[in-house]
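Architecture at a glance
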Amino acid sequence: GEWRWAGRAFGRAAMDCHTYIAEPATVVRWPMHNGRLHVAGGRGGNGDDDDGSLPSLQVALDDLSNIWEWALHTKLGLSAARRRSSHCVLLLPSSLSVREVKALADVVLRGLGFASLVLHRESVAACFAHNCAYACVVHVDATCAHVRCVEDGVEVQAPAACVGLAYGADDLTDAFAALLHRQGRLAADLARRAALRY
């Protein structure tokens, strides 16, 4: 079916793979985390804090290449032959290192075979999309949040103008779920106490 491609699961199927695949050896990897490539060694895979639980930079890049190949082929119908004459715009989080940007550019140009590539920062692209020369752009991802100030189409490089937070929408969802769960318990306790009074 569509949920499997080249022996792998992508998209919603990867999120629900435990439903489809009963193999205990199933591995779910996240090639991006906290606005960075999710690799051993943290920031760009320098190997300093490798505990063996995270993949190498090349494995993360291969995962991204496979995800993009699957999406281009199955969702957009863009074959490898058509990509050789197509151009790509890649929006990048501001938190990526130069090494990671070069590696991603290599994946797009050599791995996926696009004819050319234009790189833009997400915050700058958001300003262009809304026809703003000056803006404070707040990007909330699943695992991180970033605040970037943009002036005349360029990110301001002052420390106070670029703030990254290591929590995002998933953390907010977990916090709200805990509050609702606690609220539900409190409501049940109040109902029990009210029943005892009468």
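First things first, this report covers the structure right here in the doc. (Residues numbered from 1 in each chain as written. Predicted model: local features only at pLDDT ≥ 70, side-chain atom pairs only at ≥ 80, totals over all residues. Heavy atoms only, no water.)

Throughout the structure, instances matching the rule amount to zero disulfides. Just so you know, Cys149 is unpaired, no disulfide at all, and the nearest cysteine sulfur is the one on Cys136, 4.1 Å from it. Unpaired in terms of disulfides, Cys162 finds its nearest cysteine sulfur in Cys149, a separation of 7.1 Å. A residue is classified by how much of its surface remains accessible, and Cys162, at 23% relative accessible area, is partly exposed. (Disulfide = S-S within 2.5 Å. Buried < 20%, exposed > 50% of the residue type's maximum accessible area, 1.4 Å probe, protein only.)

With that settled, consider empty space enclosed by the protein. Enumeration according to the criterion identifies one cavity of 30 Å³ or more in this entry. Estimates place the volume of the largest cavity at around 70 Å³. Forming the walls of the largest cavity are Pro93, Ser94, Glu122, Ser123, Val137, His139, His146, Arg148 and Glu155. Elements supplying a minimum of two residues to the lining of the largest cavity: α6 (122-129), β7 (134-140) and β8 (145-151). (1 Å grid on protein atoms, 1.4 Å probe; cavity = no way out; pocket = protein on both sides within 12 Å on 5 of 7 lines; lining within 4 Å. Points joined across faces, edges and corners; volume = space filled by probe spheres on them. Helix = DSSP H or I, 4+ residues; strand = E, 2+ residues; numbered from the N terminus.)

Here we take up a negative patch on the surface. Together, Asp141, Asp170, Asp171 and Asp174 give the surface a local cluster of negative charge. Structurally, Asp170 is set in helix α7 (residues 169-197). (Patch = residues over 30% accessible without salt bridge, like charges linked within 9 Å, V, L, I, M, F, W, Y side chains within 5 Å. Areas by Shrake-Rupley, 256 points an atom, 1.4 Å probe, with all protein chains shown as cover. Salt bridge = Lys/Arg side-chain N within 4 Å of Asp/Glu carboxyl O. Lys, Arg positive; Asp, Glu negative; His and termini not counted. Charge placed at Lys NZ, Arg CZ, Asp CG, Glu CD.)

It is worth spelling out the nonpolar core at this point. Counting residues in hydrophobic clusters, the biggest one holds 19 residues, and the most contacted among them are Leu37, Leu61, Leu92, Leu104 and Phe114. Of all the elements in the fold, those that place two or more residues in this core are α3 (57-75), β5 (87-92) and α5 (98-111). Each residue touching Leu104, except ones within four places of it in the same chain, is listed here: Leu37, Leu61, Leu64, Trp68, Leu90, Leu92 and Leu96. (Core = buried A, V, L, I, M, F, W, Y, C linked by side-chain atoms within 4.5 Å. Contact = heavy atoms within 4.5 Å.)

Right, let's get into the packing of aromatic side chains. Applying the stated criterion across every chain yields a total of one aromatic pair. Judged by centre distance (5.4 Å) and plane angle (20°), the rings of Phe10 and Trp70 are stacked. With Phe10 in the loop between β2 (8-9) and α1 (12-15) and Trp70 in helix α3, this pair connects stretches of sequence that are 60 residues apart. For the residue pair Phe10 and Trp70, the accessibility class agrees, reading buried in each case. (Phe/Tyr/Trp six-rings, centres within 6.5 Å; stacked < 30°, edge-to-face > 60°.)

As a further point, take the pairing of β5. On β5, burial follows the alternation: Cys88, Leu90 and Leu92 on one face are buried, whereas His87, Val89 and Leu91 on the facing-out side are not. Regarding topology, α5 serves as the crossover connection from β5 to the parallel strand β6 (residues 116-121), and that connection is right-handed. (Right-handed = clockwise from strand over helix to strand, strands pointing away.)

Let us now look at the pattern of salt bridges. Applying the stated criterion across every chain, the model contains three salt bridges. Residue Arg36 is joined to Glu100 by a salt bridge in which the shortest nitrogen-to-oxygen separation is 2.5 Å. Of this pair, Arg36 sits in strand β4 (residues 36-37) while Glu100 sits in helix α5, and the two are 64 residues apart along the sequence. We note a salt bridge from Arg110 to Asp106, for which the minimum N-O separation is 3.3 Å.

These values are about where atoms sit, not about what they do.
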